[in-house]
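# Architecture and fold: a report
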Amino acid sequence: QVQLVESGGGLVQAGGSLRLSCAASGRTFSSYDMGWFRQAPGKEREFVSGINGVGSSTRYVDSVKGRFTISRDNGKNTVYLQMNSLKPEDTAVYYCAAKFLGTMRYEYWGQGTQVTVSS
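Now for a look at the structure at hand.

How each quantity is defined
- Residues numbered from 1 in each chain as written.
- Predicted model: local features only at pLDDT ≥ 70, side-chain atom pairs only at ≥ 80, totals over all residues.
- Heavy atoms only, no water.
- Salt bridge = Lys/Arg side-chain N within 4 Å of Asp/Glu carboxyl O.
- Helix = DSSP H or I, 4+ residues; strand = E, 2+ residues; numbered from the N terminus.
- Buried < 20%, exposed > 50% of the residue type's maximum accessible area, 1.4 Å probe, protein only.
- Phe/Tyr/Trp six-rings, centres within 6.5 Å; stacked < 30°, edge-to-face > 60°.
- Lys NZ or Arg CZ within 6 Å of the ring centre and 35° of its normal.
- Core = buried A, V, L, I, M, F, W, Y, C linked by side-chain atoms within 4.5 Å.
- Disulfide = S-S within 2.5 Å.
- Polar contact = N/O pair within 3.5 Å; in protein donor to acceptor, adjacent residues only side chain to side chain.
- Contact = heavy atoms within 4.5 Å.
- 1 Å grid on protein atoms, 1.4 Å probe; cavity = no way out; pocket = protein on both sides within 12 Å on 5 of 7 lines; lining within 4 Å.
- Points joined across faces, edges and corners; volume = space filled by probe spheres on them.
- Nonpolar A, V, L, I, M, F, W, Y, C, P; charged D, E, K, R; others polar.

## Overview of the pattern of salt bridges
Summed over the entire model, instances satisfying the criterion amount to five salt bridges. Ionic pairing is found between Lys99 and Asp33, a salt bridge with its closest N-O pair at 3.0 Å. You can see Lys99 sitting in strand E9 (residues 92-100) and its partner Asp33 sitting in strand E4 (residues 32-39), a full 66 residues away along the chain. Exposure remark for Asp33: the relative accessible area of 12% places this residue in the buried category. Between Arg67 and Asp90 there is a salt bridge, and its shortest N-O distance comes to 2.7 Å. In this pair, Arg67 sits in the loop between strand E6 (58-60) and strand E7 (68-73) while Asp90 sits in the loop between strand E8 (78-83) and E9, placing the two residues 23 residues apart along the sequence. Exposure remark for Arg67: the relative accessible area of 10% places this residue in the buried category.

Below is the structure:
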């Protein structure tokens, strides 16, 4: 069982930056691939970025490539999402998620943190 708690959301002007953090419980954090998802009002939840257990492989949705960076610190059981050059269309609730290595579906989810980008 993994419990995830996100932080770092807020209100920022277009062009600004935010860093989201997701703290995980448990002693086997490196055994989990981690991901960030987001859900905007009236839209389905979408994958934003993912990172493997040791942090050697990352993925991004095309709309955030070059602007967002995912990273993790396994010593702190934390995954981060650095978001730069934010746009109004990045406004959403951002969720942290975890899946055990080798599995397909993210099983564990945080409660979400709101990111609002004003124009």
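## What about the packing of aromatic side chains?
According to the stated counting rule, one finds six aromatic pairs in the structure shown. Centroid distance Tyr32 to Phe100: 5.4 Å. Interplanar angle 80°. Geometry classified as edge-to-face. Pair noted here: Tyr32 is in strand E4 and Phe100 is in strand E9, with a separation of 68 residues, a long-range link. Seen in terms of ring centroids, Tyr32 and Tyr108 are 6.1 Å apart; in terms of plane orientation they differ by 75°. Their pairing is edge-to-face. One end of the pair, Tyr32, is in strand E4; the other, Tyr108, is in strand E10 (residues 108-109), with 76 residues separating them in the sequence. Each of the two residues, Tyr32 as well as Tyr108, counts as buried. Taken together, the aromatic side chains of Phe37, Phe47, Tyr106 and Trp109 make up a single cluster linked through ring pairs. Cation over ring: Lys99 sits above Tyr106, and NZ or CZ is 5.6 Å from the ring centre.

## Looking at the nonpolar core
In this structure, Leu4, Met34, Trp36, Val79, Leu81, Met83 and Tyr94 are the most contacted members of the largest nonpolar core, which totals 28 residues. Listed by contribution, the elements that provide at least two residues to this core are strand E3 (18-24), E4, strand E5 (46-51), E7, E8, E9 and strand E11 (113-118).

## Brief notes about the state of the cysteines
Enumeration over the complete set of coordinates arrives at one disulfide. Note that Cys22 is cross-linked by a disulfide to Cys96, the S-S spacing being 2.1 Å. Taking the sign of the torsion about the S-S bond as the criterion, the disulfide between Cys22 and Cys96, at about -80°, is left-handed. Placement of Cys22 in strand E3 and of Cys96 in strand E9 is noted, with a sequence separation of 74 residues between them. Overall, Cys22 belongs to the buried group, its relative accessible area being 0%.

## Things to note about the side chain of Asp90
Look at Asp90 and you get buried, because its relative accessible area is 1%. Of the polar contacts made by the side chain of Asp90, one reaches the side chain of Arg67; its length is 2.7 Å. Sequence-distant contacts of Asp90, defined by excluding residues within four places in its chain, comprise Arg38, Arg67, Phe68, Ser85, Val115 and Val117.

## Looking at the layout of surface pockets
A water-sized probe, rolled over the atoms, reveals where empty space remains. Each pocket or cavity is described by its volume, and for the largest pocket that value is around 190 Å³. Lining the largest pocket are 15 residues, with Arg38, Ala40, Lys43, Glu46 and Glu89 sitting closest to its centre. Taken together, the residues that form the lining of the largest pocket break down as four nonpolar, three polar and eight charged.

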